[in-house]
Amino acid sequence: NLHSLVASGQFREDLYYRLNVIAINVPSLRDRRDDILPLTEFFIRKFAEKMERPLLELSDSAISVLVSYDYPGNVRELEHSIERALVLCTGTVLNPQDLPDCFLAARTDQSFVPESNGHYGENHRPLSDSVVDFERQLILDALAKTGGHKADAAKLLNISRKTLWQKLKQLEDV
(Lines give C-alpha, C1' and ligand atoms only; values in the text may rest on other atoms or scores of the structure.)
Protein backbone atom coordinates (compact mmCIF):
# COMPACT_ATOMS: atom_id res chain seq x y z
CA ASN A 1 0.00 0.00 0.00
CA LEU A 2 1.98 2.94 -1.32
CA HIS A 3 -0.36 5.51 0.21
CA SER A 4 0.40 4.29 3.74
CA LEU A 5 4.13 4.11 2.90
CA VAL A 6 4.03 7.78 1.82
CA ALA A 7 2.21 8.69 5.04
CA SER A 8 4.87 6.92 7.14
CA GLY A 9 7.71 8.52 5.16
CA GLN A 10 8.94 5.22 3.68
CA PHE A 11 8.11 6.13 0.05
CA ARG A 12 8.77 9.39 -1.77
CA GLU A 13 5.60 11.47 -2.09
CA ASP A 14 6.57 13.00 -5.45
CA LEU A 15 7.23 9.55 -6.91
CA TYR A 16 3.90 8.31 -5.55
CA TYR A 17 2.02 11.06 -7.40
CA ARG A 18 3.93 10.31 -10.60
CA LEU A 19 2.94 6.66 -10.39
CA ASN A 20 -0.60 7.16 -9.12
CA VAL A 21 -2.20 8.20 -12.42
CA ILE A 22 -4.35 5.09 -12.76
CA ALA A 23 -4.43 2.49 -10.01
CA ILE A 24 -4.54 -1.06 -11.33
CA ASN A 25 -5.19 -3.85 -8.86
CA VAL A 26 -3.94 -7.15 -10.29
CA PRO A 27 -4.62 -10.25 -8.20
CA SER A 28 -1.74 -12.63 -7.58
CA LEU A 29 -1.19 -15.50 -10.00
CA ARG A 30 -2.47 -18.06 -7.48
CA ASP A 31 -5.83 -16.27 -7.69
CA ARG A 32 -5.79 -16.32 -11.51
CA ARG A 33 -5.07 -19.98 -12.27
CA ASP A 34 -6.65 -19.66 -15.72
CA ASP A 35 -3.75 -17.39 -16.68
CA ILE A 36 -1.03 -19.92 -15.80
CA LEU A 37 -1.10 -21.97 -19.02
CA PRO A 38 -1.35 -19.02 -21.44
CA LEU A 39 1.51 -17.32 -19.60
CA THR A 40 3.52 -20.55 -19.63
CA GLU A 41 3.04 -20.93 -23.38
CA PHE A 42 4.01 -17.28 -23.89
CA PHE A 43 7.20 -17.75 -21.86
CA ILE A 44 8.05 -20.97 -23.71
CA ARG A 45 7.77 -19.13 -27.06
CA LYS A 46 9.74 -16.16 -25.73
CA PHE A 47 12.65 -18.20 -24.37
CA ALA A 48 12.68 -20.74 -27.20
CA GLU A 49 13.11 -17.86 -29.64
CA LYS A 50 15.73 -16.19 -27.46
CA MET A 51 17.70 -19.45 -27.08
CA GLU A 52 17.07 -20.49 -30.68
CA ARG A 53 15.50 -23.75 -29.56
CA PRO A 54 12.42 -25.52 -30.91
CA LEU A 55 9.19 -25.01 -28.97
CA LEU A 56 8.69 -27.49 -26.16
CA GLU A 57 5.46 -29.34 -25.63
CA LEU A 58 4.05 -29.45 -22.09
CA SER A 59 3.38 -32.92 -20.69
CA ASP A 60 0.07 -33.43 -18.89
CA SER A 61 1.92 -34.00 -15.63
CA ALA A 62 3.87 -30.74 -16.06
CA ILE A 63 0.60 -28.90 -16.71
CA SER A 64 -0.84 -30.40 -13.54
CA VAL A 65 2.18 -29.30 -11.50
CA LEU A 66 2.19 -25.80 -13.00
CA VAL A 67 -1.53 -25.24 -12.43
CA SER A 68 -1.49 -26.51 -8.83
CA TYR A 69 1.56 -24.52 -7.65
CA ASP A 70 0.87 -21.39 -5.54
CA TYR A 71 3.54 -19.03 -7.00
CA PRO A 72 4.70 -17.03 -3.98
CA GLY A 73 6.94 -15.16 -6.44
CA ASN A 74 3.96 -14.46 -8.72
CA VAL A 75 4.35 -14.14 -12.53
CA ARG A 76 8.09 -13.48 -12.29
CA GLU A 77 8.57 -16.85 -10.55
CA LEU A 78 6.67 -18.59 -13.35
CA GLU A 79 8.74 -16.76 -15.97
CA HIS A 80 12.07 -17.67 -14.37
CA SER A 81 10.96 -21.26 -13.83
CA ILE A 82 10.06 -21.66 -17.50
CA GLU A 83 13.35 -20.09 -18.58
CA ARG A 84 15.21 -22.53 -16.32
CA ALA A 85 13.16 -25.44 -17.64
CA LEU A 86 14.02 -24.58 -21.23
CA VAL A 87 17.70 -24.51 -20.36
CA LEU A 88 17.60 -27.87 -18.56
CA CYS A 89 15.14 -29.79 -20.73
CA THR A 90 16.98 -32.18 -23.03
CA GLY A 91 14.00 -33.48 -24.99
CA THR A 92 11.09 -31.94 -26.84
CA VAL A 93 8.59 -32.34 -23.99
CA LEU A 94 8.75 -30.35 -20.77
CA ASN A 95 8.17 -32.66 -17.79
CA PRO A 96 7.82 -31.97 -14.05
CA GLN A 97 11.44 -32.91 -13.41
CA ASP A 98 12.48 -29.99 -15.66
CA LEU A 99 10.79 -27.57 -13.24
CA PRO A 100 12.40 -26.28 -10.03
CA ASP A 101 12.24 -28.66 -7.08
CA CYS A 102 9.92 -26.33 -5.14
CA PHE A 103 7.13 -27.08 -7.65
CA LEU A 104 7.26 -30.79 -6.87
CA ALA A 105 7.96 -30.30 -3.16
CA ALA A 106 4.76 -28.28 -2.86
CA ARG A 107 2.79 -31.36 -3.98
CA THR A 108 4.59 -33.86 -1.76
CA ASP A 109 3.20 -34.63 1.66
CA GLN A 110 6.21 -35.53 3.80
CA SER A 111 4.13 -37.83 6.02
CA PHE A 112 4.28 -40.47 3.27
CA VAL A 113 8.08 -40.54 3.06
CA PRO A 114 9.85 -43.30 5.00
CA GLU A 115 12.36 -42.28 7.64
CA SER A 116 16.03 -43.10 7.03
CA ASN A 117 15.70 -46.41 8.92
CA GLY A 118 13.02 -47.58 6.46
CA HIS A 119 10.16 -47.26 8.96
CA TYR A 120 7.33 -44.81 8.70
CA GLY A 121 6.88 -42.20 11.38
CA GLU A 122 3.75 -41.71 13.44
CA ASN A 123 2.10 -39.82 10.57
CA HIS A 124 1.89 -42.73 8.10
CA ARG A 125 -1.46 -43.27 6.42
CA PRO A 126 -3.15 -46.23 4.82
CA LEU A 127 -2.82 -46.61 1.06
CA SER A 128 -6.56 -46.09 0.62
CA ASP A 129 -6.28 -42.58 2.12
CA SER A 130 -3.38 -41.79 -0.21
CA VAL A 131 -5.34 -43.02 -3.22
CA VAL A 132 -8.31 -40.83 -2.25
CA ASP A 133 -6.01 -37.79 -1.88
CA PHE A 134 -4.34 -38.50 -5.22
CA GLU A 135 -7.69 -38.94 -6.98
CA ARG A 136 -8.99 -35.71 -5.40
CA GLN A 137 -5.90 -33.84 -6.67
CA LEU A 138 -6.29 -35.25 -10.19
CA ILE A 139 -9.95 -34.21 -10.27
CA LEU A 140 -9.16 -30.72 -8.94
CA ASP A 141 -6.37 -30.34 -11.49
CA ALA A 142 -8.69 -31.38 -14.33
CA LEU A 143 -11.38 -28.97 -13.13
CA ALA A 144 -8.80 -26.18 -12.87
CA LYS A 145 -7.58 -26.89 -16.41
CA THR A 146 -11.11 -26.76 -17.78
CA GLY A 147 -12.23 -23.74 -15.80
CA GLY A 148 -14.61 -25.86 -13.73
CA HIS A 149 -16.38 -27.38 -16.75
CA LYS A 150 -17.21 -30.89 -15.56
CA ALA A 151 -17.86 -32.46 -18.97
CA ASP A 152 -14.44 -31.35 -20.23
CA ALA A 153 -12.79 -32.43 -16.96
CA ALA A 154 -14.36 -35.88 -17.32
CA LYS A 155 -12.95 -36.13 -20.86
CA LEU A 156 -9.48 -35.15 -19.58
CA LEU A 157 -9.73 -37.86 -16.92
CA ASN A 158 -11.07 -40.36 -19.47
CA ILE A 159 -14.17 -41.06 -17.37
CA SER A 160 -17.86 -40.40 -17.93
CA ARG A 161 -19.58 -37.29 -16.60
CA LYS A 162 -21.65 -39.53 -14.36
CA THR A 163 -18.52 -41.14 -12.89
CA LEU A 164 -17.00 -37.71 -12.27
CA TRP A 165 -20.20 -36.55 -10.61
CA GLN A 166 -20.20 -39.67 -8.38
CA LYS A 167 -16.55 -39.18 -7.45
CA LEU A 168 -17.16 -35.52 -6.59
CA LYS A 169 -20.08 -36.59 -4.39
CA GLN A 170 -17.86 -39.20 -2.67
CA LEU A 171 -15.10 -36.64 -2.10
CA GLU A 172 -17.57 -34.27 -0.44
CA ASP A 173 -18.36 -37.01 2.08
CA VAL A 174 -14.68 -37.74 2.85
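Residues numbered from 1 in each chain as written. Predicted model: local features only at pLDDT ≥ 70, side-chain atom pairs only at ≥ 80, totals over all residues. Heavy atoms only, no water.

A closer look at the packing of helix H3 (residues 36-51) against helix H4 (residues 60-68)
Where H3 contacts H4, the two axes come as close as 10 Å, and the packing angle between them is 115°. By crossing handedness, the relation of H3 to H4 is classed as right-handed. Of H4, the residues touching H3 (which contributes Ile36, Leu37 and Thr40) are Ile63, Leu66 and Val67. Residues of the contact of H3 with H4, tallied by class, amount to 5 nonpolar, 1 polar and no charged. (Axes fitted to C-alpha atoms, helices over the stretch in contact; angles between N-to-C directions. Helix = DSSP H or I, 4+ residues; strand = E, 2+ residues; numbered from the N terminus. Left-handed = near helix turned anticlockwise from the far one by under 90°. Contact = heavy atoms within 4.5 Å. Nonpolar A, V, L, I, M, F, W, Y, C, P; charged D, E, K, R; others polar.)

Brief notes about unusual backbone geometry
Its identity as a non-glycine residue notwithstanding, Glu52 has a phi of 55°, on the positive side. Its location among the elements puts Glu52 in the loop between H3 and strand E1 (57-58). Of the residues examined, Glu52 reaches a relative accessible area of 74% and is grouped as exposed. At Asn74, a position not held by glycine, the phi torsion is positive, near 60°. Residue Asn74 is classed as partly exposed on the basis of its relative accessible area, which comes to 29%. (Buried < 20%, exposed > 50% of the residue type's maximum accessible area, 1.4 Å probe, protein only.)

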